Amino acid sequence: MSANFTQVSGPGGRSQTLVPGASTQTFLWNPSSLKGQLDGGDYIYAKRAKLRTTGFITNTLGTGPSSLNIEQIQQALGKVRVFSQFLGEMVNKSSTSVALLTNHDMYFVNGFRPYTRKRPTSAVTTAVVVPVEIITEIPFEREYLDRSTDSCPWLPFLEGGQIEVDLSPNTSLTPYGWTPTGNWIQTCTIDWYCDKQALIHCPVQSRLYQVTTQGPEFVIRAVGSPNGLDGVTAGSRLAVLSWLFKGSSQAESIYDSGFYAQFGGGGVLPGTAGINRLDVPFRSQVSIDDVNAWVESFLSDVGPTRYHPNIVTEASSNDLADWPYVMDAVEAALNYNATTPRSLINDALNFLPLIWPGHYDKISDMQKVNGDLSFSCSFGGTPPSNVLNLFRTDEICGFTPQKIYDIMERMGLRHVDQGGSFNVVPKYASAKKADMTTVWGFPLKIVDVRKGR
């Protein structure tokens, strides 16, 4: 396969430069002149937007927890937005940050694999200046699906829209003993693939639910409702639901995952709280008082098992460090060893997965949700205070009949109901079709009724 991508320009051209300062700044990109078809007639669909950011960080302490790892350094960047004039808020800035994308979402949407290399930084030395590179993917493709490209939109739907990525203030890494300095340069590309078939993708919303409570019951309101996307129906097929934790760190007043950094702080430390029972009444889920088994089931399903050699000691190199735990090997070992008996539910756990997809899941097998979800847990340690809890979802939605008409019109393939020559059918032969209101959550093929295909 050739390298199929389009470079995107912004107000500053194809490369934009910002200098970290006292306030948040924004890298802004404006997709334009996007082709919808190749010369041979194949249709072009967007797989992801990819941002490459290079800059510098300066050590200010000479001591500290360690050099920054790829999880920690995500907090140098802030919130993210993808806006389409035609589809609306494809990635909602109010609920998405670079830390959330990189440290939670990307492993799910990339088939439970790291999506990029883990770049080294430097040893901790006073005033050392270290060049860094941060790769940020904003995904449209979902590798956990049976056919990962079912969620990829037609490329021209991004035409005239905006891609935004915030550069955090120069204090974003201060608790670690580092300061972003110098010129921070960013470029933006959109990766795409082509297909001879004209398709209407299944829209996916990555949502963030904010619940302020001390538990033990947690109620997530209005799951499946539209969240900025235009022309989507209420209700969704729930692929991912994660309870995001505060996370652990060797630094003070900052947390390695960065989940709460852009949302005012909060979060539970699961080991300190001593989560020892879950009651999750979602479809086939169960009540369990061995929460370790819940996490172990997740690890077995998604397969992020890794065997690190003991380079120094078991404390500094172990197979717990890394997703879904903090990447700092020392911190992961300290938190695991602090529990008696040893427990996977410890403060180094970045999130607790409540619903997750398997490898190559079928959309039809995913749980339908349109309303509130609730679950409860028991605390055997220090119960949390009344704090903000974040829940992250990946929700596969469907377009309304009118939006399907509009999409076909935009693609130059007018529906027969509108006086054209084209109709839509489910992409997969096994999906039964009664009318246009029953196919939500499924990708659709556009067929020429004159040719029967």
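In case you missed it, the structure is sitting above this.
Worth saying up front: this structure is predicted, and the values here are computed from it rather than measured.

### Section: helix α1 (residues 98–109)
For α1, a buried count of twelve out of twelve residues is recorded, marking the element as mostly surrounded by other parts of the structure. Along α1, the positions that sit buried rather than exposed are Val98, Ala99, Leu100, Leu101, Thr102, Asn103, His104, Asp105, Met106, Tyr107, Phe108 and Val109. Gly111 sits one or two positions beyond α1 and adopts a positive phi of about 70 degrees.

### Looking at the pairing of strand β18 (residues 371–379)
In this structure, strand β12 (residues 217–223) lies alongside β18, joined through five bridges in antiparallel fashion. Considered in β18, the bridge of Val219 is made with Ser374. Pairing geometry for strand β14 (residues 275–279) and β18, over four bridges, is antiparallel. By the bridge assignment, Leu278 is partnered in β18 with Cys377.

### Topic: the sheet that holds strand β20 (residues 422–426)
Pairing is antiparallel in the open sheet, where three strands are placed in the order β10-β21-β20. At either margin of the open sheet sits one strand with a lone partner, and together these are β10 (199–200) and β20. Where β10 meets strand β21 (residues 444–448), two bridges bridge the pair, whose relative direction is antiparallel. From the neighbouring strand, Leu199 faces β21, where its bridge partner is Lys445.

### Some remarks on the sheet that holds strand β3 (residues 25–29)
Pairing in this open sheet of four strands is antiparallel, and the strands run β3-β8-β5-β6 from one edge to the other. Of all the strands in the sheet, the pair left with one neighbour each is β3 and β6 (88–91). Neighbouring strand axes in the sheet, compared pairwise and without regard to direction, differ in orientation by 25 degrees on average. Relative to β6, strand β5 (residues 77–84) runs antiparallel, the two sharing three bridges. Its bridge partner being in β6, Val82 is matched across the sheet by Val91.

### Some points on the packing of aromatic side chains
Under the defined criterion, the tally for this structure stands at 20 aromatic pairs. Consider the rings of Tyr107 and Trp323, whose centres lie 4.8 Å apart with planes at 10 degrees: the pair is stacked. In this pair, Tyr107 sits in helix α1 while Trp323 sits in the loop between α3 (291–302) and α4 (329–337), placing the two residues 216 residues apart along the sequence. Both residues of the pair, Tyr107 and Trp323, count as buried. Within the aromatic cluster, the residues linked to one another by ring pairs are Tyr107, Phe108, Phe112, Trp294, Phe298, Trp323, Phe351 and Trp356.

### Looking at α3
Here α3 is twelve residues long and its end C-alpha atoms lie 17 Å apart, about the 16 Å a rise of 1.5 Å per residue gives. Among all positions in α3, only Val291, Trp294, Val295, Phe298, Leu299 and Val302 are buried. All buried residues of α3 project into a common sector of 135 degrees when viewed along the axis, lining one side. The inward-facing, buried residues of α3 contact α1, β14, β15 (287–288) and β16 (351–355). Two residues or fewer after α3 comes Gly303, characterised by a positive phi angle close to 70 degrees.

### Some thoughts on empty space enclosed by the protein
All chains considered together, the criterion is met by six cavities of 30 Å³ or more. A volume near 300 Å³ is recorded for the largest cavity. Met90, Val91, Arg142, Val204 and Gln205 are the residues nearest the centre of the largest cavity, which is lined by 25 residues in total. For the lining of the largest cavity, the elements supplying multiple residues, two or more each, are β6, α1, β7 (129–139) and β11 (204–213). For the lining of the largest cavity, the residue count by class is 13 nonpolar, eight polar and four charged. For the second largest cavity, the calculated volume is near 140 Å³. Ile70, Thr102, Asn103, Tyr107 and Met327 are the residues nearest the centre of the second largest cavity, which is lined by 14 residues in total. Its residues placed into classes, the lining of the second largest cavity shows seven nonpolar, four polar and three charged.

### Quick look at the pattern of salt bridges
A side chain of one charge can pair with a side chain of the opposite charge if their charged atoms are brought near each other. Inspection of the entire model under this criterion finds 19 salt bridges. Salt-bridge contacts for Glu137 lead to Arg48; the nearest nitrogen and oxygen are separated by 3.5 Å. Of the two residues, Glu137 is situated in strand β7 and Arg48 in strand β4 (residues 43–59); the sequence distance between them amounts to 89 residues. Looking at Arg48, the relative accessible area reads 16%, which means it is buried. With a closest N to O distance of 3.3 Å, Lys50 and Glu137 form a salt bridge. Of the two residues, Lys50 sits in strand β4 while Glu137 sits in strand β7, which places them 87 residues apart along the sequence. Its relative accessible area of 26% is what places Lys50 among the partly exposed residues. On the basis of relative accessibility, which here comes to 5%, the residue Glu137 falls in the buried class.

### Things to note about the side chain of Asn346
For Asn346, the position within the fold is in the loop between α4 and β16. One polar contact links the side chain of Asn346 to the main-chain amide nitrogen of Ala348, over a distance of 2.9 Å. Those residues in contact with Asn346 that sit more than four places away from it in its chain are Pro270, Gly271, Tyr325, Asn335, Tyr336 and Thr339.

What counts and how
- Residues numbered from 1 in each chain as written.
- Predicted model: local features only at pLDDT ≥ 70, side-chain atom pairs only at ≥ 80, totals over all residues.
- Heavy atoms only, no water.
- Buried < 20%, exposed > 50% of the residue type's maximum accessible area, 1.4 Å probe, protein only.
- Helix = DSSP H or I, 4+ residues; strand = E, 2+ residues; numbered from the N terminus.
- Pairing = 2+ DSSP bridges.
- Axes fitted to C-alpha atoms, helices over the stretch in contact; angles between N-to-C directions.
- Phe/Tyr/Trp six-rings, centres within 6.5 Å; stacked < 30°, edge-to-face > 60°.
- Expected span 1.5 Å × (residues − 1).
- Arc of directions from axis to C-beta.
- Contact = heavy atoms within 4.5 Å.
- 1 Å grid on protein atoms, 1.4 Å probe; cavity = no way out; pocket = protein on both sides within 12 Å on 5 of 7 lines; lining within 4 Å.
- Points joined across faces, edges and corners; volume = space filled by probe spheres on them.
- Nonpolar A, V, L, I, M, F, W, Y, C, P; charged D, E, K, R; others polar.
- Salt bridge = Lys/Arg side-chain N within 4 Å of Asp/Glu carboxyl O.
- Polar contact = N/O pair within 3.5 Å; in protein donor to acceptor, adjacent residues only side chain to side chain.

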